[in-house]
Amino acid sequence: MNRAGGVSRWTHAFAVASALGMVGLQATYLLDWPLRAIGLFGLLGAVLPMTFGMAYLLLPAYVGTTLATHRLPGVHLVVSYAGAAVLVAGQLTTLPRLLVVAGTTLWSLGVGCFLGALGKTIGPALRANPSVVIRSRDRPQRSTRAATATVPLAILYLAIGTIALLARASSAPAIPGTTIPGVVHFYAVGFAAVLIISLGARLLVGFFHVVPPRPLTWGALGGSVVAPALIAGGFWTWPLFQVGAVVLAFGVLCYLGMVAVVAVRTDRRRIGLVGVLSGAFAGAGGVLVAATVAIDGGAAWPIEAHVPLVLDGFLLLTIIGYAYEFFPIGTGQFTGASDRVGLAAIVILGGGVLLRAVAPPLSVPLVGDIGAALGIVGTSVYAYVLTRRLAGLHAG
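Since the model is a prediction, treat every value here as computed from it, not as a measurement. (Residues numbered from 1 in each chain as written. Predicted model: local features only at pLDDT ≥ 70, side-chain atom pairs only at ≥ 80, totals over all residues. Heavy atoms only, no water.)

### Describing the overall build of the chain
Summing up its helical and strand segments, the chain has 12 helices and zero strands in all. Secondary structure elements in the chain, listed N-terminal to C-terminal, are α-α-α-α-α-α-α-α-α-α-α-α. For 396 residues, the compact-globule estimate of 2.2 N^0.38 gives 21 Å, and the C-alpha radius of gyration of the chain, at 20 Å, lies within 12% of that figure. Principal axes of the C-alpha set define a box for the chain whose edges measure 50 × 45 × 45 Å. Nonlocal contacts in the chain, meaning residues at least 24 apart in sequence, comprise 79% of its contacts between residues at least 6 apart. Put simply, the chain shows about 15,900 Å² of open surface, and 69% of that area lies on carbon and sulfur atoms. (Helix = DSSP H or I, 4+ residues; strand = E, 2+ residues; numbered from the N terminus. Rg over C-alpha atoms; globule rule 2.2 N^0.38 Å. Contact = heavy atoms within 4.5 Å. Areas by Shrake-Rupley, 256 points an atom, 1.4 Å probe, with all protein chains shown as cover.)

Right, dumping it as structure tokens:
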């Protein structure tokens, strides 16, 4: 196995693990898990694995190289899932302290593998030629440079969130963001969302050949970078939390504008763009709901609607959309290898997200259960077609 092939295989392993985690996440809604457990399961089991896998593949490519090691991603995958299982179990039942510390350590070790692998790869390339990130073929316009500059900040938020998680396990409450919601927001808003927006500013141009308006790109990047520190670092602390919610809403609305402009102007009609655009709309709805409850307080239902809109809508639909761009299922040679099937997965999951979002204000749990059932169907279809597509790549 050559180095590039090894990295590709681990990226695919992370992608499949993420897809299976998406199915499991939908089941947690039917099982009526607490929101904290649902959020942690979805983030650690479905969102971050795909984020890690694609980062292993994409970030070294932006400095003109490939990952320096193909062993660390494998270690990362194993220890992080073992740690995630313990951390989620700790939200469902009372575990011995030693076991909680072991789970936290395993997850953090996985993050350390990720940071170490990227540092070993990107560090030497940047020292040798700092301008490599804005090579001439990548159109070194200001928005592209700004998008590239935010990637290290996303990695920093990942590191801070992990430190906060370790501090929580070691009972060091003096460090901000050590609550589970704080850690989740460092990971979800600081790492995953910032990477989605920053890499999206480049991927949208690459896949669809449309450059979004610079003000929208800068607004999306600026809002996404500033908000996590305010939200996660000052969770429910006035005025940091409220200001952070407003800043995040502004950034995500600008991101929605970016994607919408690309969708209108591009002549490349692909199912992946449907997923990315749907995710952007869901994200906008999720942050607007969150900003409302952050400012006014009041009923609990906005928080219950916020979780599926952001976790399943913004993060999962966006991940699925980009997955279809990187691994087109229509070119596969298996039953169900068609864009129609891929689109059906997006539509079904999107419908499920909508039903789960409206169920809390309607106070009709059955609507949410139907949404969760649709979510299981949609993510199962996605998991099937993605797994078969990647299996075909290796068979070829």
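### Here we look at helix α6 (residues 180-208)
Approximately 40 degrees is the largest bend angle found in α6, and it occurs at glycine 200. The buried fraction of α6 is high, at 28 of 29 residues. Note on α6: the residue one or two positions beyond its end, histidine 209, has a positive phi of about 55 degrees. (Bend = angle between axes of the 7 residues up to and from the residue. Buried < 20%, exposed > 50% of the residue type's maximum accessible area, 1.4 Å probe, protein only.)

### Remarks on the side chain of threonine 121
Looking at where threonine 121 falls in the secondary structure, it is placed in helix α4 (residues 97-128). A distance of 2.8 Å separates a polar side-chain atom of threonine 121 from the backbone oxygen of alanine 117. (Polar contact = N/O pair within 3.5 Å; in protein donor to acceptor, adjacent residues only side chain to side chain.)

### Concerning helix α11 (residues 339-362)
A rise of 1.5 Å per residue sets the reference length of α11, with its 24 residues, at 34 Å; its end C-alpha atoms lie 34 Å apart and thus fit the reference within 8%. Among all positions in α11, only Gly342, Ala345, Ile346, Leu349, Gly352, Val353, Arg356, Ala357, Ala359 and Pro360 are buried. (Expected span 1.5 Å × (residues − 1).)

### So, the pattern of salt bridges
Enumeration according to the criterion identifies two salt bridges in this entry. Among the ionic pairs, arginine 270 bridges to glutamate 325, the shortest N-O distance being 3.0 Å. Residue arginine 270 is located in the loop between α8 (240-265) and α9 (271-296), and its partner glutamate 325 is located in helix α10 (residues 301-326); the two are separated by 55 residues in the primary sequence. Judged by its relative accessible area of 8%, glutamate 325 is buried. Linking aspartate 312 and arginine 356 is a salt bridge whose minimum nitrogen-to-oxygen distance equals 3.3 Å. (Salt bridge = Lys/Arg side-chain N within 4 Å of Asp/Glu carboxyl O.)

### Notes on unusual backbone geometry
Look at histidine 209: it is not a glycine, yet its phi comes out positive at around 55 degrees. Mapped onto the elements, histidine 209 comes out in the loop between α6 and α7 (214-233). Even without being glycine, serine 363 reaches a positive phi, approximately 55 degrees. Within the element layout of this structure, serine 363 appears in the loop between α11 and α12 (365-395).

### Things to note about the packing of α6 against α10
Interhelical geometry of α6 versus α10 gives an angle of 35 degrees and a closest axis separation of 12 Å. Crossing of α6 over α10 shows left-handed handedness. Across from Ala192, Ala193, Ile196, Gly200, Leu203, Leu204, Phe207 and Phe208 in α6, the residues of α10 making contact are Phe314, Leu315, Thr318, Tyr322, Glu325 and Phe326. Residues that form the contact of α6 with α10 fall into these classes: 11 nonpolar, two polar and one charged. (Axes fitted to C-alpha atoms, helices over the stretch in contact; angles between N-to-C directions. Left-handed = near helix turned anticlockwise from the far one by under 90°. Nonpolar A, V, L, I, M, F, W, Y, C, P; charged D, E, K, R; others polar.)

### Description of the side chain of serine 80
Note on placement: serine 80 falls in helix α3 (residues 72-92). Residue class for serine 80 comes out buried when judged on its relative accessible area of 3%. In contact with serine 80, not counting residues within four places along its chain, are Leu106, Trp107 and Gly110.

### Considerations on the packing of α9 against α11
Viewed as axis vectors pointing N to C, α9 and α11 meet at an angle of 10 degrees, and their least axial separation amounts to 9 Å. Taken together, the axis directions place α9 and α11 in an arrangement best described as roughly parallel. The segment α9 lies against α11, with Ile271, Val274, Gly275 and Ser278 engaging Asp339, Gly342, Leu343 and Ile346. Classifying every residue of the contact of α9 with α11 by side-chain character gives four nonpolar, three polar and one charged. (Parallel < 35°, antiparallel > 145°, perpendicular 65-115°, else oblique.)

### A closer look at the packing of aromatic side chains
Here the structure, examined in full by the defined rule, presents 15 aromatic pairs. Aromatic side chains phenylalanine 52 and tryptophan 107 sit 6.2 Å apart centroid to centroid with 50 degrees between the ring planes, which places their arrangement in the tilted category. Of the two residues, phenylalanine 52 sits in helix α2 (residues 35-61) while tryptophan 107 sits in helix α4, which places them 55 residues apart along the sequence. Here the two residues phenylalanine 52 and tryptophan 107 agree in accessibility, since each one is buried. With a centroid separation of 6.4 Å and an interplanar angle of 50 degrees, the aromatic rings of phenylalanine 326 and phenylalanine 327 are classed as tilted. (Phe/Tyr/Trp six-rings, centres within 6.5 Å; stacked < 30°, edge-to-face > 60°.)

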